[in-house]
Amino acid sequence: MEPGNDTQISEFILLGFSEEPELQPLIFGLFLSMYLITVFGNLLIILAISSDSHLHTPMYFFLSNLSFVHICFISTTVPKMLWNIQTQSKVITYEGCITQIYFFLLSAVLDIFLLTVMAYDCFVAICHLLHYTIIMNPRICGLLVLVSWIMCILNSLLQSLMMLQLSFCTNVEIPHFFCDLSQMTQLACSDNFLNYMVIYFTTVLLGSGALTGILYSYSKIVSSIRRITSTQGKYKAFSTCASHLSVVSLFFSTSLRVYFSSAATHSLHSSATAAVMYTVVTPMLNPFIYSLRNKDINGALKRLFVMVRLTELISLQSK
């Protein structure tokens, strides 16, 4: 294909992390392990919350939604990478790339929105405890999740439709393990100015808006905790949102590190490696953070295992 030809291509090449054949089995095993741990761990969180009536509260309702989104988040990118390694192919179709961008953006932004909603829930639980059940009633909780879904769907749809307007010529290699929106826009040989404007505008609007909401909520939480006189009371108030704060810190610190490191080094392979932290590692650690630091989740998981074990014993006896 000659340079400057505007013929629309039908597939892209995902370069991944390394082209060394001897490293492919190691990468495959590592990412398969992380994927299975993430899916299994987050499914356990969802099952534990749904099976225990004591956990049918706003905080755990949001947590179950977050676990579901984390499963979707990692399932958008890792299975395709594993398939490419297994088949020794680096190809992804144009339609597959657009689909991956849509669901990746949907999961990533929804993750941020749910973390923001959970920060608001912590704020109400600590700063307005007496009115908590009135403010965070089931209708409001459902509405917050529904609005988050609608906004994320619209954002992903807008970005995907903008991508469809671009033409791609000779450079079809993506130095990443998935179809990244910004890198895809950079590869276009048609005018991509409007695409960049939409990307920057939505990033500032949604990203900074969510981060501002989280920071505001925790500033109020810290102020309320500082006014508590007893040490036990301070610890109890802090433990209410400790797990959420850990997940927020991990997600935003890794995301910002990816942004600033890629801007500073201009190394696309370095950016792909750093992106693993928030696309794979954070969803994987979410179940561990909530199960290790949360007695309610711990108890629900133990009861779930006991119930499964009893079901197995009854089934064996009936045979």
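As the structure is a computational prediction, the values presented were derived from the model and not from experiment.

> Which residues make up the pairing of strand 1 (residues 11-14), and what values do they have?
By the alternation rule, side chains of strand 1 split into Phe12 and Leu14, which are all buried, and Glu11 and Ile13, of which none is buried. As judged from the two bridges shared by strand 1 and strand 3 (residues 173-174), these two strands associate in the parallel manner. Pairing of Leu14 across the sheet is with Ile174, part of strand 3.

> Which residues make up helix 10 (residues 295-318), and what values do they have?
For helix 10, built from 24 residues, the straight-helix expectation of 34 Å at 1.5 Å per residue is met to within 8% by its first-to-last C-alpha distance of 35 Å. Taken together, the buried positions of helix 10 are occupied by Ile297, Gly299, Ala300, Leu301 and Leu304.

> Any chance you could break down the environment of Leu32 for me, citing the residues and the numbers?
Looking at the element boundaries, Leu32 is found in helix 1 (residues 24-51). As for Leu32 and His56, which are separated by 24 residues in sequence, their C-alpha atoms are 32 Å apart.

> Break down the UniProt feature "transmembrane region" (unreviewed entry) in the protein chain for me, with residues and values.
Using the residue numbers shown here, the UniProt feature "transmembrane region" (unreviewed entry) corresponds to residues 26-49, 61-82, 102-128, 140-158, 193-216, 237-260 and 272-292. Secondary structure across residues 61-82 comprises 100% helix and 0% strand; the distance between its end C-alpha atoms is 32 Å. This span, residues 272-292, is 100% helix and 0% strand, and a straight line between its end C-alpha atoms measures 30 Å.

> Could you give an account of the pattern of salt bridges, with specific residues and numbers?
Pairing between side chains of opposite charge can happen when their charged atoms approach one another. For the coordinates displayed, the defined rule picks out one salt bridge. Between Asp52 and Arg303 there is a salt bridge; the shortest N-O distance is 2.3 Å. Linking Asp52 in the loop between helix 1 and helix 2 (58-87) with Arg303 in helix 10, this pair joins segments that are 251 residues apart in sequence.

> Could you give an account of a negative patch on the surface, naming the residues involved and the relevant values?
A cluster of acidic residues, Glu19, Glu20, Glu22 and Glu173, forms a negative patch at the surface. Looking at the element boundaries, Glu20 is found in the loop between strand 1 and helix 1. Residue classification places Glu20 among the partly exposed residues on the basis of a relative accessible area of 41%.

> Tell me about helix 7 (residues 193-227), and name the residues and values.
End to end, helix 7 covers 50 Å across 35 residues, agreeing with the expected 51 Å (1.5 Å per residue, within 8%). Buried within helix 7 we find Asn195, Val198, Ile199, Thr202, Leu206, Ala210, Ile214, Ser217, Tyr218, Ile221, Ser224 and Ile225.

> Can you break down the state of the cysteines residue by residue, with the values?
Evaluated as defined, the whole model comprises two disulfides. The residue that forms a disulfide with Cys97 is Cys179, at a sulfur-sulfur distance of 1.8 Å. Taking the sign of the S-S torsion, -110° for the link of Cys97 and Cys179, the bridge is left-handed. Of the two residues, Cys97 is situated in helix 3 (residues 94-127) and Cys179 in the loop between strand 3 and helix 6 (181-187); the sequence distance between them amounts to 82 residues. The exposure class assigned to Cys97 is buried, which follows from its relative accessible area of 0%. Judged by relative accessible area, which is 1%, Cys179 ranks as buried. Residue pairing for Cys169: its cysteine sulfur links by disulfide to Cys189, the two sulfurs lying 2.0 Å apart. Judged by the torsion about the S-S bond (65°), the Cys169/Cys189 disulfide is right-handed. In this pair, Cys169 is assigned in the loop between helix 5 (138-164) and strand 3 and Cys189 in the loop between helix 6 and helix 7, connecting sequence segments 20 residues apart.

Definitions and cut-offs
- Note on numbering: residues in each chain are counted from 1, in written sequence order.
- In view of the model being predicted, local features appear only for residues whose pLDDT reaches at least 70, and side-chain atom pairs are presented and counted only at 80 or more, with totals across whole chains, interfaces and linings using the full set of residues.
- The side-chain figures draw on all heavy atoms in the structure; neither hydrogens nor water molecules are used.
- For the exposure calls, accessible area comes from a 1.4 Å probe over protein chains only, and a residue counts as buried if that area is under 20% of its type's maximum, exposed if over 50%, partly exposed in between.
- Numbering of helices and strands runs from the N terminus, with a helix taken as a DSSP run of H or I at least four residues long and a strand as a DSSP run of E at least two residues long.
- Strand pairing is defined by DSSP finding a minimum of two bridges between the two strands.
- An expected span of 1.5 Å times one less than the residue number is assigned to each helix.
- UniProt positions are given in the numbering used here, feature names are shortened, and annotations may be inferred rather than shown by experiment.
- Within this document, salt bridges are pairs made up of a side-chain nitrogen of Lys or Arg and a carboxyl oxygen of Asp or Glu, the two lying within 4 Å of each other.
- The patch calculation keeps residues exceeding 30% relative accessible area without a salt bridge and links them within 9 Å when they carry like charges or within 5 Å when they are nonpolar (Val, Leu, Ile, Met, Phe, Trp, Tyr).
- Areas reported here follow the Shrake-Rupley algorithm with a probe of radius 1.4 Å; residue values treat only the protein chains shown as occluding.
- Only four residue types enter the tally: Lys and Arg on the positive side, Asp and Glu on the negative side, with His and both chain ends excluded.
- Throughout, a charge is located at the NZ atom of Lys, the CZ atom of Arg, the CG atom of Asp or the CD atom of Glu.
- Working definition: a disulfide is two cysteine sulfur atoms within 2.5 Å of each other.

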